[in-house]
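Summary of the model geometry
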Amino acid sequence: MTRATILARRDDAVASVDRRIFGTFVEHLGRCVYTGIYEPEHPTANADGFRLDVVDLVKELGTTTVRYPGGNFVSGFRWEDSVGPRDKRPVRRDLAWHSLETNQVGVDEFARWLALTDSELMMAANLGTRGIEEALDLLEYCNHPSGTALSDQRIANGTTEPHGIRMWCLGNEMDGPWQTGYRIAEDYGTLAARTAQAMKAADNDLELVVCGSSGSGMPTFGDWERTVLEHTYEHVDFISCHAYYQERGGDLGSYLASSLDMQYFIDTVVATADHVGRKLRSSKQIQLSFDEWNIWYLDEHRASDEVNNEWQVAPRQLEDTYSVADAVVLGGLLITLLKNHARVRSASLAQLVNVIAPIRTEPGGDAWRQTTFFPFSATSRLARGTVIVPRIDAPTYATAVHGEAPLIDSVMTHDDDSVSVFLVNRSLTEPVDLTIDLTEFQVTSLAEAATLHDDDVYAKNTIDDQERVGLKPLHGAELVDGVLALRLPPVSWSAVAAHRA
Ligand code: AHR
């Protein structure tokens with residue numbers, strides 16, 4: 001039997017939980033908006049046309065911040081098209097996803113949808129085809145109370161109160177040659193600095209996110225962050241990170257260790273940001289906004305013809321169906337984000353509905369949970385108070401991509417009432433017997449113990465079998481004198497919560 005131990009110490013606290021770590025992302029892409037969150041003909045639709053069956057699932061998922069409206073889409077977005085009387089809104093071509101945008105959902109409707117889900121809006125401004133003036137105009141339209149041309153236009157459009165959007169992204173993936181209006185780092189850094197300076201002149205309390213690399217595999221990774229931050233350091237608050245993972249070539253062992261790459265990404269960006277900060281003799285620290293992260297079968301997407309030459313409204317694009325293994329990797333990535341919460345203060349699972357998403361829908365039909373829904377939802381519900389990075393003593397295994405990887409990964413949180421521990425077992429074959437020493441936390445009894453595991457690691461939830469995969473009780477979990485004993489199944493993600501005295 002494979003064994004491991006974990007020691008949890010109060011001294012290993014890294015940060016208090018900021019709910020923004022459980023953000024997600026809604027892009028005008030495929031069926032994320034149209035027939036995803038919005039479908040006026042659906043039996044559950046409200047007066048705005050939003051599906052309330054989807055709203056219920058979004059609330060259960062526990063998302064907190066939602067990035068909008070893109071993504072690659074934002075780099076061609078004309079925000080003015082998306083406000084005012086719906087019958088007057090133009091249909092435009094979206095070059096990013098080669099589809100038609102009807103603008104039937106825009107800034108004001110989306111803010112109303114967010115209110116239904118108790119989430120915060122994280123708005124992206126278009127720095128692809130547009131610039132400083134349009135970003136300022138959108139800011140005025142959204143946030144100025146009244147008495148100016150654009151705030152009065154918002155009021156005339158039916159939204160009396162300002163949206164009060166605090167977090168703004170300065171464009172999206174501007175390092176990527178696929179991006180409409182992509183730039184070299186010098187050019188983007190200059191534009192982002194001037195846009196940020198102007199936006200903060202309008203409202204100094206905004207929190208601005210400058211674009212980092214669109215992936216750690218980009219040839220400019222590291223240099224991009226350095227150059228962009230040299231221009232923007234004093235004007236922005238966050239730098240973005242984006243990462244997508246998938247199993248390649250049947251190498252499940254490497255895939256299960258994907259969070260080692262996420263850790264490398266975070267370490268590199270933190271080191272680069274701090275290097276620039278020291279060089280500039282700044283007293284400020286830049287935080288990380290991991291505002292796109294997920295599993296995405298990108299190789300298969302690139303090889304497909306789903307982005308084709310026909311201009312369609314809401315085509316089926318990026319509708320990945322996730323397996324148990326995908327959910328275990330996703331749960332592991334969330335553990336890594338929490339372990340790095342001292343610097344990763346905001347994150348967005350990309351995306352929310354249909355498009356590489358934890359929630360799927362059919363037009364006129366059901367909405368259901370993908371496998372990846374479960375670790376996200378349970379972590380969002382249980383992670384409370386302070387994050388602790390526990391000391392793990394576990395065997396390692398060899399991976400082709402990441403070198404030696406620990407079989408077990410874990411993070412925990414605690415507040416006055418409870419302790420929650422999140423765990424992955426990456427072993428392909430072996431259960432792991434684990435003891436977790438929680439004696440410093442005065443735990444009294446188990447509150448819950450659940451696991452995501454299946455004998456078929458490729459089992460999925462589909463339209464015809466929507467509840468094939470879900471959380472199950474983690475049998476045999478015991479708490480004796482402050483020490484938890486668990487048996488973690490192979491290829492599993494688990495969450496255990498205990499009451500405190
Ligand atoms: O989330 C899908 C796409 O991935 C986004 O539009 C883009 O920002 C990234 O490349």
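Figured I'd write up the structure that's included with this text. (Residues numbered from 1 in each chain as written. Predicted model: local features only at pLDDT ≥ 70, side-chain atom pairs only at ≥ 80, totals over all residues. Heavy atoms only, no water.)

Now for the pattern of salt bridges. For the structure shown, the criterion picks out 34 salt bridges. One salt bridge connects Asp223 with Arg226, and the closest N-O pair in it is separated by 3.6 Å. Remark: Arg226 and Asp223 occur in helix H6 (residues 223-232); sequence separation between them is three residues, near one turn of the helix. Here Asp223 falls in the partly exposed class, since its relative accessible area comes to 46%. In this structure, Asp299 and Arg248 form a salt bridge, with 2.7 Å as the shortest nitrogen-oxygen distance. Placement of Asp299 in helix H9 (residues 298-303) and of Arg248 in the loop between strand S10 (238-245) and helix H7 (252-256) is noted, with a sequence separation of 51 residues between them. Judged by relative accessible area, which is 31%, Asp299 ranks as partly exposed. Three or more residues joined by partner-sharing salt bridges are found here, namely Arg31, Arg316, Glu319, Arg360 and Glu362. (Salt bridge = Lys/Arg side-chain N within 4 Å of Asp/Glu carboxyl O. Helix = DSSP H or I, 4+ residues; strand = E, 2+ residues; numbered from the N terminus. Buried < 20%, exposed > 50% of the residue type's maximum accessible area, 1.4 Å probe, protein only.)

Here the focus is unusual backbone geometry. Cis geometry is adopted by the peptide bond preceding Pro69, which originates at Tyr68 and carries an omega value of 0°. Structurally, the position occupied by Pro69 is in the loop between strand S4 (65-68) and strand S5 (92-94). The omega angle of the peptide bond from Ala350 to Gln351 is 5°, so this bond is cis rather than trans. Structurally, the position occupied by Gln351 is in the loop between strand S13 (344-350) and strand S14 (359-361). For Asp481, which is not glycine, the phi torsion reads 50° and is therefore positive. Tracing the chain through its elements places Asp481 in the loop between strand S25 (478-480) and strand S26 (483-488). We classify Asp481 as exposed; its relative accessible area is 72%.

For the rest of this paragraph, the subject is the layout of surface pockets. Computed from the structure, the largest pocket encloses a volume of approximately 940 Å³. Contributions of two or more residues to the lining of the largest pocket are made by S10, H7 and H9. Per element, the largest residue contribution to the lining of the largest pocket is four residues, and it comes from S10. Here the lining of the largest pocket is built from residues that sort into 16 nonpolar, 14 polar and eight charged. As a volume, the second largest pocket reaches approximately 310 Å³. Lining the second largest pocket are 15 residues, and of these Gly76, Arg78, Arg92, Arg93 and Asp94 lie nearest its centre. Per-element accounting of the lining of the second largest pocket gives the leading share, three residues, to S5. Taken together, the residues that form the lining of the second largest pocket break down as four nonpolar, five polar and six charged. (1 Å grid on protein atoms, 1.4 Å probe; cavity = no way out; pocket = protein on both sides within 12 Å on 5 of 7 lines; lining within 4 Å. Points joined across faces, edges and corners; volume = space filled by probe spheres on them. Nonpolar A, V, L, I, M, F, W, Y, C, P; charged D, E, K, R; others polar.)

Now for the pairing of strand S22 (residues 432-437). Relative to S22, strand S1 (residues 2-7) runs parallel, the two sharing six bridges. Among the inter-strand pairings, Thr2 is bridged to a residue of S22, identified as Val432. In this structure, S22 lies alongside S26, joined through six bridges in antiparallel fashion. Considered in S26, the bridge of Asp433 is made with Arg487. (Pairing = 2+ DSSP bridges.)

The strands that make up a sheet are held in pairs by hydrogen bonds between backbone atoms, and each pair lies either parallel or antiparallel. Ordered by their spatial adjacency, five strands build an open sheet running S17-S1-S22-S26-S25, and the pairing between neighbours is mixed. Since the sheet does not close on itself, it has two edges, and those belong to strand S17 (391-393) and S25, each with one partner. Averaged over all pairs of adjacent strands, the angle between their axes in this sheet comes to 20°, without regard to strand direction. When S25 meets S26, the two strands line up antiparallel, connected through three bridges. Its bridge partner being in S26, Val480 is matched across the sheet by Val483. (Axes fitted to C-alpha atoms, helices over the stretch in contact; angles between N-to-C directions.)

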